[in-house]
Amino acid sequence: MKHTDPIRRIHLRTSGGIGIPLEGTVDVDALSPTLARRVQKALNPKQLARIARRPKAPLMTDQIAYEVILSDAQHQTTSYTVLESQADEELLELLDELMAQIIEAKRQARKSVKKQEDDEPPGPDIPPTPSDNALPAPDLEDDTGHAQDP
Amino acid sequence: MTHAHRAPIHCILPPYILEVIEMRGDEKLRRMAKRMQKDADAVRQARAAAAPETAFRGTPAFVGPTPAMPHREVYDGQYKRTLPGKLVRAEGDPPVRSKLVNKVYDLTGKVFEFYIKEFKRNSIDGQGMTIISTVHYGRGYRNAFWTGEQMVFGDGDNQLFKTFVDLSIIGHELTHGVVQFSGGLIYQDQAGAINESLADVFGVMVVQYAKKQTVSEASWLVGEEIFTPEVNGHALRSLRAPGMAFDDDILGKDPQPYHMDFYVNTYTDYGGVHINSGIPNHAFYLLAQYLGGYSWTKAGQIWYQAMQTLQNPRATFADWADTTVETAWRLFGAGSFEVAMTRRAWKLVGIHI
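Residues numbered from 1 in each chain as written. Chains lettered and ligands numbered in written order. Predicted model: local features only at pLDDT ≥ 70, side-chain atom pairs only at ≥ 80, totals over all residues.

Student: Any chance you could explain the overall build of chain B here in plain terms?
Tutor: Each helix and strand in chain B was counted, giving ten helices and nine strands. Taking the contacts inside chain B whose residues are at least 6 apart along the sequence as the reference set, 60% of them involve residues at least 24 apart. (Helix = DSSP H or I, 4+ residues; strand = E, 2+ residues; numbered from the N terminus. Contact = placed C-beta atoms within 7 Å.)

Right under this line is the structure:
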């Protein structure tokens, strides 16, 4: 993927932090025009490669590592891992905003599945048959698996 | 006169030696190691190495005189990512309007009290270091971390995380500082997982201390307050049942193992530092259960003193387990129940000493 190619899709994966990894994909076309412009400006491969080369904060624990996988229209991909201590505020806010969109999409999907389950009409109310309440049938086989005489 | 060509040192010294020199050498050696480390970093970056390497510069803990008073400073990050932010409450100041600021002030005081009363440790560095915290860091920031100098807390996104200001999380982050000033542990692979485990162990102990809970009364959970109600989970991690803290269709399942048979080899998360920490976490839980009573009176003392004597920034789980058994031996005697139970706790998580 060339650094001049427009980004069509971003797969974002976080690890580290306090210990809960998150991941998901966003289509740039589905973003608001303002956010899409910010993405094209801030997430260009040349810039990410430069940021990933910056020194890391040696004593920082629980910092988030962002793995950013960019795809263009030809489905060519390129990936970069950027630590919080390497990135500037603008980039971190953008990555967190994209992750918020990913999480929100997953929440909506979860809600719609739950709604679907709640909306499903309950099955027919079948009254229990006398045999449902009966004691289990006596085992007519002995330990050897052979049927006993009743 | 001719000079034999000498290969630069960075060609023969492996990175971990440089990290250790940087962490523990004198000023001249540190500068040299830092320079060489920088060159080595550039080479590694060029190779696009995915796993980040970090180093810790530690100093042995100084046990200060008691009673000592904390020196706390709480800053407001004002939703930006510039640290430390605006000072809103310093030591001795009356409560401010922000409940969150007051909560951080009070809870950092509780962690300070725990360390000074139970371990005679005067703050993070053992020498009365100011405890600096920043709240309202970034917008909807889903994390808390230790920078090497201070603690930082995000507000959470209100989607999955409602807060990171939770006593066990504060205990966790502050303990990263204690580890750093107790000889340090490289934040990668097993050494990093020990670092994470110590942060969890002292994080849950400070909660138990604050609630005066015995080992059987305690929840043994880290981050009980952080999730929104929509998350299917009790907490971030469980020392009683690693791997069972949460199981959510968005967050996934708690990935922690409780035994070496399930050790996770991964390049992410600095080599699984938050994952494999489940193993030493569970060893501590088992030991505390065997010894009974309050976790900090025996099991906690063994872990704390072992942390002070480890002095091996690249320690493996086996090194750490050895050090805890030696420490139990030193504290309680060679044939003691405590030594036998420490050994047994490690055995049950698959580490034989």
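Back to the text.
Student: What should I look at first to understand the interface of chain A and chain B in this one?
Tutor: By a frequent convention, interface size equals the accessible area lost on bringing the separate parts together. Taken together, the contacts link 32 residues of chain A with 38 residues of chain B. Residue assignment for the side of chain A that touches chain B shows that the elements contributing at least two residues are strand 1 (9-16), strand 3 (64-71), strand 4 (77-83) and helix 3 (89-119) of chain A. Counting residues per element, the side of chain A that touches chain B draws most heavily on helix 3 of chain A, at ten residues. Taken together, the residues of the side of chain A that touches chain B break down into 15 nonpolar, seven polar and ten charged. (Nonpolar A, V, L, I, M, F, W, Y, C, P; charged D, E, K, R; others polar.)

Student: I would appreciate a short explanation of the environment of Leu92(A) in the present structure.
Tutor: Along the chain, Leu92(A) turns up in helix 3. As a C-alpha pair, Leu92(A) and Lys46(A) span 46 residues in sequence and 17 Å in three-dimensional space.

Student: What am I meant to see in unusual backbone geometry here?
Tutor: Excluding glycine, residues mostly carry a negative phi; peptide bonds, for their part, are mostly trans. All names here are of chain B. Cis rather than trans, the peptide bond between leucine 83 and proline 84 has omega equal to 5°. Backbone geometry at asparagine 158 places phi at a positive 60°, although glycine is not the residue there. Mapped onto the secondary structure, asparagine 158 falls in the loop between strand 5 (151-153) and helix 4 (167-180). Residue aspartate 189 is not a glycine yet carries a positive backbone phi of 55°. With respect to the helices, strands and loops of the structure, aspartate 189 is situated in helix 5 (residues 189-211). Overall, the presence of 19 C-beta atoms within 10 Å leaves aspartate 189 in the partly exposed class. (Buried ≥ 20, exposed ≤ 12 C-beta atoms within 10 Å, placed from the backbone.)

Student: Honestly, the sheet that holds strand 3 of chain A in this entry has me stumped. Any pointers?
Tutor: Strand pairing in a sheet relies on backbone hydrogen bonds. The paired strands run either parallel or antiparallel. Residues and elements named next belong to chain A. Taken in spatial order, the four strands make up an open sheet running 2-1-3-4, and their pairing is antiparallel. Looking along the sheet, the strands with just one partner apiece sit at the ends: strand 2 (22-27) and strand 4. Going across the sheet, the axis of each strand differs from the next one's by a mean of 15°, ignoring polarity. Sheet topology note: the strand 3/strand 4 ladder contains seven bridges and is antiparallel. Bridge pairing in strand 4 places valine 68 opposite tyrosine 80. Sitting on the sheet, helix 3 touches strand 1, strand 2 and strand 3, and the angle it makes with strand 2 is about 90°. (Pairing = 2+ DSSP bridges. Axes fitted to C-alpha atoms, helices over the stretch in contact; angles between N-to-C directions.)

Student: What's the story with helix 9 (residues 317-332) of chain B in this structure? I'm lost.
Tutor: An α-helix turns once per 3.6 residues; consequently, residues spaced three or four apart project the same way. All names here are of chain B. Look at helix 9: 22 Å from first C-alpha to last across 16 residues, which is about the 22 Å you get at 1.5 Å a residue. Turning to helix 9, its buried residues number three or more, namely Phe317, Trp320, Ala321, Thr323, Thr324, Val325, Thr327 and Ala328. Where helix 9 is buried, its residues touch helix 5, helix 7 (278-291), helix 8 (299-310) and helix 10 (337-348). Trailing helix 9 by a residue or two, glycine 333 shows a phi angle of about 105°, which is positive. (Expected span 1.5 Å × (residues − 1).)

Student: Would you mind going over the packing of helix 3 (residues 99-119) of chain B against helix 4 of chain B with me for this structure?
Tutor: A pair of packed helices is characterised by two quantities: the angle between their axes and the separation of those axes. All names here are of chain B. The contact between helix 3 and helix 4 brings their axes to 10 Å, and the two run at 55°. Between helix 3 and helix 4, the crossing angle belongs to the class labelled oblique. Where helix 3 crosses over helix 4, the handedness of that crossing is right-handed. Counted together, Leu107, Thr108, Lys110 and Val111 of helix 3 and Leu167, Ile170, Gly171 and Leu174 of helix 4 form the full contact between these two elements. Taken together, the residues that form the contact of helix 3 with helix 4 break down as five nonpolar, two polar and one charged. (Parallel < 35°, antiparallel > 145°, perpendicular 65-115°, else oblique. Left-handed = near helix turned anticlockwise from the far one by under 90°.)

Student: It is not clear to me how the nonpolar core should be interpreted in this structure. Could you clarify?
Tutor: General note: in soluble globular proteins, nonpolar side chains tend to be found buried as a group. Residues and elements named next belong to chain B. Residues Phe153, Phe284 and Leu287 are the most contacted members of the largest nonpolar core, which totals 100 residues. The leading source of residues in this core is helix 5, at twelve residues. Taken domain by domain, this core gets at least three of its residues from each of domain 2 (72-180) and domain 3 (203-348). Phenylalanine 153 has contacts with Val104, Ser133, Thr134, Val135, Tyr137, Ala144, Phe164 and Val165, leaving out every residue within four places of it along the chain. (Core = buried A, V, L, I, M, F, W, Y, C linked by C-beta atoms within 7 Å. Domains from an automatic or database assignment.)

Student: It is not clear to me how the sheet that holds strand 2 (residues 86-90) of chain B should be interpreted in this structure. Could you clarify?
Tutor: Residues and elements named next belong to chain B. Overall, mixed pairing links the five strands, which are arranged 2-1-3-5-4 in an open sheet. A strand with exactly one partner marks an edge of an open sheet, and here the two such strands are strand 2 and strand 4 (144-146). Averaged over all adjacent pairs, the angle separating strand axes in this sheet is 20°, with direction ignored. Along the sheet, helix 4 makes contact with strand 3 (131-135), strand 4 and strand 5, crossing strand 4 at roughly 20°.

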